[in-house]
Amino acid sequence: MLSERLQIEIDEGSGFCFGVTTAIKKAEEELAKGGSLYCLGDIVHNGMEVERLHAMGLVTITHDDLKRLHDVKVLLRAHGEPPETYELARQNNIEIIDATCPVVLQLQRRIKRQYENSLVEMSSEGHAQIVIFGKNGHAEVLGLVGQTKGNAIVVENIEDVKRLDFNHDIYLYSQTTKSLDEFHRIIQYIQAHISPSATFKSFDTICRQVANRMPNIASFATRHDLVLFVSGRKSSNGRVLFNECRSVNPNSHQIESACEIDMSWTQGVKTVGICGATSTPKWLMEECRDYLVLHQ
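This one's a predicted model, so the numbers in the text were calculated from it and none came from an experiment. (Residues numbered from 1 in each chain as written. Predicted model: local features only at pLDDT ≥ 70, side-chain atom pairs only at ≥ 80, totals over all residues. Heavy atoms only, no water.)

As for its placement among the helices and strands, Thr 176 is situated in the loop between strand 8 (170-174) and helix 8 (180-193). What Thr 176 contacts, discounting residues up to four positions off in sequence, is Val 103, Val 104, Leu 107, Glu 140, Thr 205, Ile 206 and Cys 207. (Helix = DSSP H or I, 4+ residues; strand = E, 2+ residues; numbered from the N terminus. Contact = heavy atoms within 4.5 Å.)

Formed by 18 residues in total, the largest nonpolar core has its most connected members in Val 161, Leu 164, Phe 166, Ile 170, Leu 172, Ile 190 and Phe 200. Contributions of two or more residues to this core are made by strand 6 (129-133), strand 8 and helix 8. Looking at this core, the element that brings in the most residues is helix 8, giving 5 residues. Beyond its immediate stretch of four places on either side in the chain, Leu 164 contacts Gln 129, Val 131, Ile 153, Val 155, Ile 170 and Ile 190. Counting 17 residues, the second largest nonpolar core, distinct from the first, contains Ala 258, Leu 284, Met 285 and Cys 288. (Core = buried A, V, L, I, M, F, W, Y, C linked by side-chain atoms within 4.5 Å. Buried < 20%, exposed > 50% of the residue type's maximum accessible area, 1.4 Å probe, protein only.)

With that settled, the discussion passes to the packing of helix 1 (residues 18-32) against helix 2 (residues 47-56). Interhelical geometry of helix 1 versus helix 2 gives an angle of 15 degrees and a closest axis separation of 10 Å. Classified by the interaxial angle, the pair formed by helix 1 and helix 2 is roughly parallel. Both helix 1 and helix 2 take part in a crossing whose hand is left-handed. Residues Ile 24, Glu 28 and Leu 31 of helix 1 lie in contact with helix 2, whose contacting residues are Glu 49, Arg 52, Leu 53 and Met 56. Within the contact of helix 1 with helix 2, the residues separate by chemical class into 4 nonpolar, no polar and 3 charged. (Axes fitted to C-alpha atoms, helices over the stretch in contact; angles between N-to-C directions. Parallel < 35°, antiparallel > 145°, perpendicular 65-115°, else oblique. Left-handed = near helix turned anticlockwise from the far one by under 90°. Nonpolar A, V, L, I, M, F, W, Y, C, P; charged D, E, K, R; others polar.)

Written out as structure tokens, the structure reads:
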């Protein structure tokens, strides 16, 4: 949309990924039926969208809360859950509304299969290491590690990779929303250090819908004098994409909502680009655009 003074563009490639869109749609459909619906953790790492769904009746709970609930409906968000969550739900007669992203679900199955195969093949010389490149404690990573009964090793950076045992087999996977470049750097490091007697296999499990946003958002950010990156600060994907914006356009600001916009940022600016993470709703970016139009 163009205003008289500022040219404002919303990035068409930003906004919810397929997995988040599906999870929110499932939540809205269940809430429309009436009755209570619980969600295990924030349905999306965006406070404004979470508040919107809370107003419709969605109740966010923790894993501790889940242990105390019985005979209710609980939605599992796109990030996925470990097997223990499903078993607890079965024990407590909880109906699961499973909104795990298909990409994450496929990755969980691959890691579980690899873990089970590793147990069969394990010899007296040692065991294979299932390694996940991801953020420790992230919901998706907890679900992935759960497929190995807690035995997978999570690495966040090269320093973590240095602590692996390079004399034993390594099978490397990635959290679906991690940086492709970082993943390749970790692969190169392991290849350079793995023992000739050990096997190393890497599996590119990064979601392309997310990975492709890196070059696209960088291109978008270079086209504008000012970039407003709209994202919840809890969003792992948001941090990665915002850093990419800022690396190509230092005049980039991360905001969670329109009320955080400082109009002094627009001084001397002709074009403003508004973009966001895979957890950023389109309506929120549109609110930021409308705020700029109203206050310029």
